[in-house]
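Observations on the model geometry
These are the residues of each chain, in order.
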Amino acid sequence: MRPWECIFSPIFREAPCRRRLSRLLKSCPRNTRRKVMQLVSVKKALDGSIPAATHVEMRGWVRTRRDSKAGISFVNVTDGSCQDPIQVVAPAALANYQTEILRLVAGCSVVVRGTLVKSQGKGQSYEVQADEIVVVGFVDDPETYPIQPKQHTLEFLREVAHLRPRTNTFGAVARVRHSAAMAVHRFFTEEGFFWVNTPIITASDAEGAGQMFRVSTLDLANLPRDDKGKIDWHQDFFGKETYLTVSGQLNVEAYCLALSKVYTFGPTFRAENSNTARHLAEFWMIEPEIAFADLNDDANLAERFLKYVFAAVLKERADDMKFFEERVQKGVTARMEKFIDSSFERLDYTEAVSILQKSGKKFDYPAEWGRDLQTEHERFLTEEHVGRPVVVMNYPEVIKAFYMRMNDDEKTVAAMDVLAPGIGEIIGGSQREERLDRLDARMTKMGLHPEHYAWYRDLRRYGSVPHAGFGLGFERLIVYICGLQNIRDAIPYPRVPGLAQF
RNA sequence: UCCCCAGUAGCUCAGUCGGUAGAGCAGGUGGCUGUUAACCACCGGGUCCGCGGUUCGAGUCCGUGCUGGGGAGCCA
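Nothing here was measured: the structure is a model prediction, and the numbers come from that model. (Residues numbered from 1 in each chain as written. Chains lettered and ligands numbered in written order. Predicted model: local features only at pLDDT ≥ 70, side-chain atom pairs only at ≥ 80, totals over all residues. Heavy atoms only, no water.)

Side note on the sheet that holds strand S16 (residues 424–431)
Taken in spatial order, the 8 strands of this open sheet run S7-S11-S12-S17-S16-S15-S14-S13, and their pairing is mixed. Edge positions in the sheet fall to strand S7 (194–195) and strand S13 (345–348), since each of these pairs with one other strand and no more. Relative to strand S11 (residues 261–269), S7 is paired through 2 bridges, and the arrangement is parallel. Within the sheet, the bridge partner assigned to Trp-195 lies in S11 and is Tyr-263. Sheet strands in contact with helix H7 (residues 295–316) are strand S12 (282–291), S13, strand S14 (390–396), strand S15 (412–420), S16 and strand S17 (467–473), and its direction is about 15° off that of S15. (Pairing = 2+ DSSP bridges. Helix = DSSP H or I, 4+ residues; strand = E, 2+ residues; numbered from the N terminus. Contact = heavy atoms within 4.5 Å. Axes fitted to C-alpha atoms, helices over the stretch in contact; angles between N-to-C directions.)

Written as structure tokens, this is what we have:
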């Protein structure tokens, strides 16, 4: 990069910025202006990949400022590229020292140019001796700027969702989220899977996974009616009732029965009125689907998958994991390391119920064959009884979805839940019913109309094969990795009943 | 949706028996220092969530609404 080339980047197109820059440039000594300037991230400046004495430009936001009347100020600047800020040493000789540098507070945006040097002080490897600090944006009314260099509650930060990414915690969550998402894609790619983008708008009205959000362009104040006075959905955008998807599974099965190994990774919507630390109305779901595979193959895939993603995050985001360890939940790193090192226990549902009944432990709801396992049951199994991740398999038919494969006992279906210590259920999956007659029977029994699933039934008519898959809520994975308590902190802009503010 | 808890300064909180409001941080001013969420002094800053009630008097007690949190159900 040529000297000062960076000032022509889009951020400085606004006239006031350009004028300020050109004024500052004119005031710079000639030799300074000729120095070769390298635009670097805070991460690169701190990790040793840039040699000392390099002339650098950095752009970011002020975290803290400390003044020393020995003639310098220390300005900690972060650009989000890593957990740590870089310390910028601002000498009083800077042209704008009195007028601007001493007015810097948390949140101000700055462009810093200077020399990267090994730090004289403790607490950081490198620092920048500034030749120039351009204040790009001050903070209006610093007293009311919500993000202060102190501990805020996560509840408060949810109310300022547009500013919370500037905090340590949410910067770390965002970086971990990215790292985990990339690891998901990498894992599947390395295993020969293809990413399939299933539709977000769907006409399947009974996928059996909960309340759906309606999608419509009709005028709510003036709905078209048919002769019987019912809403005439033929006049709606798609000519029929449509909703936001609650799962990409049915659609991805079609691609599975052509490309063999596929997965979805996209937004999913549930209009349930559930107000808990584990539910979102809009979340990202990962749903792999494998052909010529049974429930055991599915469980094995889930195990390899989780371990791969955890290992990737531990390796790539050690700095952020250290932060979560120290400030959010002690033991998160060890928990993941243990997870990676342990083999998953396989347990039959029937066996699990029997273990629970014989445990002698008092549950609020006693375990009973034919009823779903309660959160307290799941946690007992994975945390106390086994002490590592557990896959519970083969649940009673009556508590599971229509597409799950009937077992030979005619009482259970090939479903599985992966339970993890510290969180409970993290993955739900199943082998799918590939036999058309059994699928139809199951749908009818559950009050669904096979004719509404014509295309899904076709998959069983034309070259049907055993196949299986599972679903994983991405935010639940993030909650587990980061040691968070509430899923609303694992997604940038949480959507829950009564809240879609940002 | 059900059960429980909370709401006081920009933020985190204290506020005794019902007697007219406090600290730390943040902000401003000054001092000091290669500082480390610096330190010291001073200053400014309040619809005590809203509404209604009890009382001579309510941040405090009662009712109600709103908002937030925890737990349950549903689930990923």
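Points about the confidence of the model for chain A
On average, residues of chain A carry a pLDDT of 88, and 92% of them reach 70 or more. Least confident of the elements in chain A is helix H2 (residues 30–34), whose mean pLDDT is 48; most confident is S7, at 98. A low-confidence stretch, residues 1–16 stays under pLDDT 50, and its non-local contacts, those more than four residues away or across chains, total 29 contacts. Overall fold confidence (pTM) sits at 0.89, and the ipTM for the predicted complex is 0.87. (pLDDT = per-residue confidence, 0-100.)

Describing the side chain of Arg-164
Here Arg-164 is to be found in the loop between helix H4 (154–158) and helix H5 (168–190). Polar side-chain contacts of Arg-164 include one of 3.4 Å to the side chain of Asp-489. Polar contacts involving the side chain of Arg-164 include one to the main-chain carbonyl oxygen of Pro-492, which spans 2.8 Å. (Polar contact = N/O pair within 3.5 Å; in protein donor to acceptor, adjacent residues only side chain to side chain.)

Quick word on the protein's contact with RNA strand B
As a structural note, the neighbourhood of RNA strand B is formed by 51 residues, with Glu-143, Lys-150, Thr-276, Gln-374 and Arg-476 the closest of them. When the atoms of RNA strand B within 4 Å of the protein are sorted by group, sugar and phosphate make up 41%. Here a base nitrogen of RNA strand B and a side-chain polar atom of Gln-148 are 2.6 Å apart. Between RNA strand B and the protein, one listed contact pairs a sugar or linking oxygen with a backbone N or O atom of Ile-426 at 3.2 Å. When residues in the surface near RNA strand B are grouped by element, the largest group, 4 residues, is from strand S2 (residues 55–68). Among the residues forming the surface near RNA strand B, the class breakdown is 13 nonpolar, 23 polar and 15 charged. (Near = heavy atom within 4 Å. Nonpolar A, V, L, I, M, F, W, Y, C, P; charged D, E, K, R; others polar.)

Considerations on the sheet that holds strand S9 (residues 214–215)
The pairing of strands in a sheet comes from backbone hydrogen bonds and takes either a parallel or an antiparallel form. In space, the 3 strands of this open sheet follow the order S8-S10-S9, with antiparallel pairing throughout. The open sheet has two edge strands with one neighbour each: strand S8 (201–202) and S9. Bridge count between S9 and strand S10 (residues 242–244): 2 bridges; the pairing is antiparallel. Bridge assignment links Val-215 to a residue of S10, and that residue is Thr-242.

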